[in-house]
Amino acid sequence: MPSSIQNQVRLPLSVAFGIVMQGIRIRMGRAIVTLMGVVLGIAFLMSILTGQSIRQGVSREAEMRAEGNRMLSFLTAEIGPVEGRTLGVIALGPLNDMELRLVGELRNRRVARLQWAGPPPTRAAAGFVQPAGDASVGQGAAALFVMGEGTAPGTGWEARLAGLEQKVVAVTRHAQGLPEMPKAVTICLEREWQPDEVHARNIAAMRLRFRTGWIIVISLLVTVIGICNAMLMSVTERFREIGTMKCLGALSQFIREVFFIEACLMGFVGSLAGCLFGILFAAATYSVSFGVGLVLASLSPGTLLVHGAVSLGAGVILAVVAAIYPASVASRMVPAAALRSTI
Amino acid sequence: MPLDQQKLNALFPASEEAGRRCIIRAVDVRKVYRMGKVETHALRGVTVDIYEGEYLSIMGPSGSGKSTLFNMIGGLAKPTSGKVYIDQVDIAHLDHNELAWLRCRKIGYVFQNYNLIQVMTCLENVMLPMSFAGLDSEEARDKAMYILKLVGLGHRPLHKPAELSGGQQQRCALARSLANSPDIILADEPTANLDMHTGEEMIELFAMLRDELGVTIISATHDLKMLKRSDRILWIEDGHIVRAAKPSEVDFGSGEFH
């Protein structure tokens, strides 16, 4: 009674998942070593990314501080100390970071209040900024600011200038295009960059980009090698087990599934931990040189989230890619050969 | 332990033609291993018929091609040339999927070093081939427990292989080989790592399986007790079968057993 040979049943993924979980639970020590490979790789990548964003944040912060001071000293050179005085502001549109900072700095310098015409600044505190109509702004103020995105009105300056203690109008941007005013002193606070300065800045930025790009490439390489190594080790030590399973009727497909599920799990958990360690490490080391406050101020949650997602994705993808070779070796193995191996 | 005959019969549906049906046929099987430029001829044309319900022992010094022959007739590797038929099917014509089915349902393997999966308990080891066969876990658990009791390991189902003695591990391996009610059991030196007493018990188990259930048992062995219990003994040397005899025709006192 010769029985016909049939096709072996394809097992649901849950069976492979169960075997993976069991293997990880039993070989916890080994799994942790494998996991550490992923954790270290991703922590390295994440600390580079975070460090880069911290450095950028810190240098932007420092640049803006310097620029704010420069603007204010430019202004005080014209009108004297601003402490206790009232200043008028015509906001043409939304303010940029620099202008918001300038408003904050004015407050720090104990300016009594700002008469504010136009869309109010988002971060300004109530009581300091005093909304005023476009016509009344400048009445009793020391000097007038023009801030924000847009073009300054061409007319009506006579009336505004009339109420000023000192006939000084300061624009924060060249683009605001103040009309000629013979009776007033007009100054522009925005720095005028010389062509050679612009050139030097561009070159410096390019160098920085190149350097950080290079470091990220290196860190990715380190990550790939670390994860590949860990995955390969976890396959080679199980050659015998794989051979046994094949003797008992496991399909190659099933063996592959086991390795890919394990790689995904390792990649995900390891990357998650790696992201956390990377951020903590970068924040801790930069805090030593820049101070905790500055580092925390320069870390934006959005950027961190994006970098975290990139690292997590990279970790999982790298782990799975690293498992392709070992999984295919394992699944193609002839059972007899797998049993012979003495690893 | 009294065996539940009904359950036993359900486990191993008896074949009416048990006795002389040829279950494995090897025809001029050759196997060459290539390691770089060196060619090793492990088998140089082996032809053998193995009958259903037979208890066959294979003898041969190490390096004689014994294990290679085992792998061929067990469907674990394909011959370089020649044909192997298992249950009248040429295994060269089977794809991976069908070979896996064959290894899962038709053949039970008992290895010299047990090859139990260390991370699993005894019970899980026995259940593994059943889950490969698609049995649901409740059913598999019941059946695995029954088989473990059958081999005398019913009292330690939840121990890991490392917590068992050699004999117990070998029983577990035997239970695993029985998981999907195979027609053939291939045992490579099943008693080599066992003490005399457990070795004898193992031999009794094999004999019981053959007598009660009609399972074909093929074992590589040098164990005299095992040889004496078998139906036929094959000698293999340097890739050839040099002699085949019934135990009654063999002088066990002679030098060929040393």
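Residues numbered from 1 in each chain as written. Chains lettered and ligands numbered in written order. Predicted model: local features only at pLDDT ≥ 70, side-chain atom pairs only at ≥ 80, totals over all residues.

The next point concerns the sheet that holds strand β1 (residues 22-35) of chain B. All names here are of chain B. Pairing in this open sheet of four strands is antiparallel, and the strands run β2-β1-β4-β5 from one edge to the other. In this open sheet, the two edge strands, each paired with only one partner strand, are β2 (38-51) and β5 (89-90). Bridge analysis of β1 against β2 gives eleven bridges, and the strand direction is antiparallel. When the sheet's bridge partners are listed, Tyr33 is paired in β2 with Thr40. (Pairing = 2+ DSSP bridges. Helix = DSSP H or I, 4+ residues; strand = E, 2+ residues; numbered from the N terminus.)

Okay, the confidence of the model for chain A next. On average, residues of chain A carry a pLDDT of 82, and 95% of them reach 70 or more. Of all helices and strands in chain A, the one with the weakest mean pLDDT is helix α10 (residues 335-340) of chain A (70), whereas helix α7 (residues 252-290) of chain A scores best (90). (pLDDT = per-residue confidence, 0-100.)

Glancing now at the packing of helix α4 (residues 122-132) of chain B against helix α6 (residues 166-177) of chain B. Residue and element names in this part refer to chain B. At their nearest, the axes of α4 and α6 sit 8 Å apart, and the two run at 25° to each other. Classified by the angle their axes make, α4 and α6 are roughly parallel. Between α4 and α6 lies a crossing whose hand is right-handed. Contacts from Cys122, Asn125, Val126 and Pro129 in α4 reach Cys172, Ala175 and Arg176 in α6. The residue makeup of the contact of α4 with α6, split by class, is five nonpolar, one polar and one charged. (Axes fitted to C-alpha atoms, helices over the stretch in contact; angles between N-to-C directions. Parallel < 35°, antiparallel > 145°, perpendicular 65-115°, else oblique. Left-handed = near helix turned anticlockwise from the far one by under 90°. Contact = placed C-beta atoms within 7 Å. Nonpolar A, V, L, I, M, F, W, Y, C, P; charged D, E, K, R; others polar.)

On to the environment of Glu63 of chain A. Mapped onto the elements, Glu63 of chain A comes out in helix α2 (residues 28-79). Once the C-alpha coordinates of Glu63 of chain A and Met98 of chain A are considered, the two residues, 35 residues apart in sequence, prove to be 9.9 Å apart.

Opposite the 27 residues of chain A that make contact, chain B presents 29 residues. The set of elements that each furnish at least two residues to the side of chain A that touches chain B consists of α1 (13-26), α6 (239-247) and α10 of chain A. Taken together, the residues of the side of chain A that touches chain B break down into 15 nonpolar, nine polar and three charged.

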